[in-house]
Amino acid sequence: MKILVVGGGGREHAICAALKKSPKLTELHCAPGNGGISETAVCHDVKATDISGMVKLAREISADYVFVAPDDPLTLGMVDALEAAGISAFGPNKAAAIIEGSKVFSKGFMKRHGIPTAACETFTDAEEAVSYIKARDSYPAVIKCDGLALGKGVIIAESFAEAEEAVNSILLGGKFGNSGKEIVVEEYLDGSEVTVLAFADGKTVVPMLSSIDHKRAFDGDTGLNTGGMGVIAPAPYYTEETAKLCMETIFEPTVRGLAEENRRFKGCLYFGLMLMNSGEVRVIEYNCRFGDPETQALLPLLETDLIDIITAVIEGKLAELPIKWRAEHSACVVMASGGYPEKYQTGFEIRGLENVDGACVYHAGTKLSGGKYLTNGGRVLNFVAVNKSPALALENVYREIEKVSFEKGFYRSDIGTLYHAQRGTMCGTLHHGGTSAQCTTKK
Ligand code: AMP
Ligand code: GLY
């Protein structure tokens, strides 16, 4: 099997590492890739959003499968273009990727199919939105851009003044360009967040292990929202009972609803969920792809050959494939450039990677230059360890991350600890399939 992975972040490095474990793999390519990925796969200088360039590359290397990982090529229709050229691709087509590409669509979709989510209204007119917020008079108010905005298009406004400023900057000030031509104003949901990724083949949906992302930049969940600063998997409070409820009220109705609307979803569906204190679960957001950095924490726990899963998804045979996970825990901590998620500098030398021996390191924003790794993005490295408990996995990660440094680099020191404050200790039986196995760590 020759596989081409589209993308160039930590998620794609983890996907490449998982594919590399398969005895079925003969050649691994990635475009555009990054410094770390270039040690695992042949990297090609084609942008992730360059649809015709990617089709050409897939043809040139005779790729059996193209794994389209990021949101923008999916929402732009890269899978449609590949399929039209007779190339098999993992990922939803444009019609199905709209579940992430438009929040106005996804909120309407949930309404149509009775899938629980925050109540909302949508607006294109700033004055109408502001009057609605004023009349509602309930804070925090949540304001979301319709389109993709690198995880920054959600504002949790604590007061009317903040909400008004957010609405005006998006609808009048054009802060998010076309992504902000329409907005969603929705009720604030209070509870514990959990991410569940699921494989879907258009008919069958198979949830992976749950995970907890840490979206804020700094310790104590302070600072701006980022793409994600760290993850633990599985989520200690995602019980068998909650998993069953999610399957019945959210996962199955979503895949069925999309198929009914002629938007068959094939690939990885991302469910951002809020476990409410009442026991109810509501959808915060859908993504049409693997999460970043959730993937870095999850894939090291996957026992089943990822190529077998890709094949089952593409051929619509997921129902026939048992998917197994290690009965262990994973922790991922992101090392980022000082200033991220706002302005940051790049080009700093990364030191100490050769000393890491107790965690996997997945590169996000790095490049290789003259035999050295240099920083080349906001999120730079992901440190991942697997162990018998979340505490042990975190201990490993934090021991290893201290061995690596670059100028102005920072990471959160409290990944995986806040859930105790949110939910107390674990309740019920943890949803965790699979059998125990050793984690193979590597640099
Ligand atoms: P999203 O891009 O929709 O995932 O939103 C980013 C983050 O904002 C989520 O991970 C939540 O932490 C928060 N968020 C979004 N919508 C809501 C909501 N309705 N209530 C509370 N928090 C929210
Ligand atoms: N970690 C959040 C996301 O991938 O959207």
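In this text the structure is predicted, and so the values were computed from the model without any measurement. Counting restarts for each chain, with residues numbered from 1 along the sequence as it is written. Chain labels run from A onward and ligand labels from 1 onward, assigned in the order the entries are written. Note on the predicted model: pLDDT of at least 70 is required for a residue's local features to be given, and 80 or more for side-chain atom pairs to be given and counted; whole-chain, interface and lining totals, by contrast, use all residues. Excluded from the side-chain calculations are hydrogens and water; all other atoms, namely the structure's heavy atoms, are used.

**Re the overall build of the protein chain**
At step 1: Runs of H or I in DSSP of at least four residues are treated as helices and runs of E of at least two as strands, each being numbered from the N terminus. Secondary structure assignment for the protein chain yields 13 helices and 22 strands.
At step 2: Principal-axis analysis of the C-alpha atoms places the extent of the protein chain at approximately 60 × 45 × 45 Å.
At step 3: Across the 443 residues in the protein chain, those meeting the buried criterion constitute 57%.
At step 4: Whether two residues touch is decided by their heavy atoms; if any such pair falls within 4.5 Å, the residues are in contact. Excluding contacts between residues fewer than 6 apart, the proportion of contacts in the protein chain whose partners are at least 24 apart in sequence is 70%.
At step 5: Areas reported here follow the Shrake-Rupley algorithm with a probe of radius 1.4 Å; residue values treat only the protein chains shown as occluding. Total accessible area on the protein chain stands at roughly 17900 Å², and carbon and sulfur atoms take up 48% of it.
At step 6: His is not counted here, nor are the chain ends, while Lys and Arg score as positive and Asp and Glu score as negative. Charge positions come from single atoms, namely NZ of Lys, CZ of Arg, CG of Asp or CD of Glu. Positive and negative charge centroids in the protein chain, built from 45 and 56 side chains respectively, lie 4 Å apart. With a 1.4 Å probe rolled over the protein chains alone, any residue whose accessible area is under 20% of its type maximum counts as buried; one over 50% counts as exposed, and the rest are partly exposed.

**Things to note about the confidence of the model for the protein chain**
At step 1: With 94% of its residues at a pLDDT of 70 or more, the protein chain shows a mean pLDDT of 92.
At step 2: pLDDT: the predictor's confidence for each residue, scored from 0 to 100. Between residues 420–429, whose pLDDT stays under 50, and residues either more than four places distant or in other chains, the model counts 14 contacts.
At step 3: Counting contacts from residues 433–443, a segment whose pLDDT is below 50, to residues more than four positions away or on other chains yields 34 contacts.

**So, the site of ligand 1**
At step 1: Neighbouring residues are identified by heavy atoms, a residue being near a molecule or strand if any of them is within 4 Å of it. Taken together, 14 residues lie near ligand 1, and E186, E187, L189, E193 and E285 sit nearest.
At step 2: Here a nitrogen atom of ligand 1 and a side-chain polar atom of K144 are 3.0 Å apart.
At step 3: By the criterion applied in these results, polar contacts are pairs of N or O atoms within 3.5 Å in which, for protein atoms, one can donate a hydrogen and the other can accept it, and in which residues neighboring in sequence qualify only through two side-chain atoms. Within the backbone of L189, a nitrogen or oxygen atom sits 2.8 Å from a nitrogen atom of ligand 1.
At step 4: About the coverage of ligand 1: the protein hides 92% of its 470 Å² of free accessible area.
At step 5: When residues of the shell around ligand 1 are traced back to their parent elements, those giving at least two are β7 (141–145), β8 (154–157), β9 (183–187) and β16 (281–287).

**Some points on the site of ligand 2**
At step 1: Close contacts around ligand 2 come from D213, K215, G227, Y270, N287, R289, G291, D292, P293 and E294, and that covers them all.
At step 2: Within the side chain of D213, an N or O atom sits 2.7 Å from a nitrogen atom of ligand 2.
At step 3: Measuring from a nitrogen atom of ligand 2, one finds a backbone N or O atom of G227 at 3.0 Å.
At step 4: Here ligand 2, which alone exposes 200 Å², has 90% of that area covered by the protein.
At step 5: Asp, Glu, Lys and Arg are counted as charged, while Ala, Val, Leu, Ile, Met, Phe, Trp, Tyr, Cys and Pro are counted as nonpolar; the rest, among them Gly, fall into the polar class. Of the residues contributing to the shell around ligand 2, the split by class is two nonpolar, three polar and five charged.

**Side note on the sheet that holds strand β1 (residues 2–7)**
At step 1: Sheet architecture is open: five strands sit in the order β3-β2-β1-β4-β5, paired in parallel fashion. Looking at strand neighbours, the two that pair on one side only are β3 (42–43) and β5 (88–90), the edges of this open sheet.
At step 2: Two strands pair if DSSP finds at least two bridges between them. In this sheet, strand β4 (residues 65–68) lies alongside β1 in parallel orientation, the contact comprising four bridges. When the sheet's bridge partners are listed, I3 is paired in β4 with Y65.
At step 3: Note on geometry: axes are C-alpha line fits, over the in-contact stretch for helices, and angles between N-to-C directions span 0 to 180 degrees. Contacts from helix α2 (residues 51–60) reach β1, β2 (27–32) and β4 within the one sheet, and its direction differs from that of β1 by about 160°.

**Comments concerning helix α6 (residues 103–113)**
At step 1: Of the positions making up α6, those classed as buried are K103, F105, S106, K107, F109 and M110.
At step 2: Its side-chain oxygen at 3.4 Å from the backbone nitrogen of V104, S102 defines the N-terminal cap of α6.
At step 3: At the exit of α6 stands G114, carrying a positive phi of roughly 65°.

**A word on the environment of D357**
At step 1: Locating D357 in the fold gives a position in the loop between β17 (329–337) and β18 (360–363).
At step 2: Its relative accessible area of 56% is what places D357 among the exposed residues.
At step 3: Considered as a pair, D357 and N396 are 39 residues apart in the sequence and their alpha carbons are 9.8 Å apart.
At step 4: For D357, the side chain forms a polar contact with the side chain of K403, separated by 3.1 Å.

**Observations regarding the side chain of D305**
At step 1: Of note, D305 is situated in the loop between α10 (294–298) and α11 (306–315).
At step 2: One speaks of a salt bridge when a side-chain nitrogen belonging to Lys or Arg is within 4 Å of a carboxyl oxygen belonging to Asp or Glu. Buried D305, no salt bridge; nearest opposite-charge side chain is K24, N-O distance 4.0 Å.
At step 3: A distance of 2.7 Å separates polar atoms of two side chains, one belonging to D305 and the other to S22.
At step 4: Leave out the neighbours within four places in its chain, and D305 touches S22, P23 and K24.

**Section: the sheet that holds β8**
At step 1: Overall, antiparallel pairing links the four strands, which are arranged β6-β9-β7-β8 in an open sheet. Unpaired on one side and paired on the other, β6 (120–123) and β8 mark the two borders of the sheet. For this sheet, the mean inter-axis angle between neighbouring strands, taken without regard to orientation, is 20°.

**Some remarks on the environment of P207**
At step 1: By secondary structure assignment, the location of P207 is in strand β11 (residues 205–213).
At step 2: Classification of P207 by relative accessible area gives partly exposed; the value is 25%.
At step 3: On a C-alpha basis, the gap between P207 and V361 in space is 25 Å, while along the polypeptide they are 154 residues apart.
At step 4: What P207 contacts, discounting residues up to four positions off in sequence, is V196, L197, A198, M247 and F251.

**With respect to the packing of aromatic side chains**
At step 1: Side-chain rings of Phe, Tyr and Trp (the six-membered ring for Trp) are treated as a pair once their centres are within 6.5 Å; stacked means planes under 30 degrees apart, edge-to-face means over 60, and tilted covers the remaining angles. In total, this model carries twelve aromatic pairs according to the counting rule given.
At step 2: Note on F109 and Y286: the rings are 6.3 Å apart at their centroids and 70° apart in plane angle, and the pair reads as edge-to-face. Separated by 177 residues along the polypeptide, F109 in helix α6 and Y286 in strand β16 bring together distant segments of the chain.
At step 3: Between F123 and Y132, the ring centres sit 5.2 Å apart and the planes meet at 45°, which makes this aromatic pair tilted.
At step 4: Under the relative-accessibility criterion, F123 is labelled buried at 9%.
At step 5: Ring pairs connect the aromatic residues F105, F109, F251, F271 and Y286, which therefore count as one cluster.
At step 6: Over the aromatic face of Y270 sits the side chain of R289, whose NZ or CZ is 5.9 Å from the ring centroid. In this scheme, Lys NZ or Arg CZ marks a charge over a ring once it lies within 6 Å of the ring centre and within 35 degrees of the ring normal.

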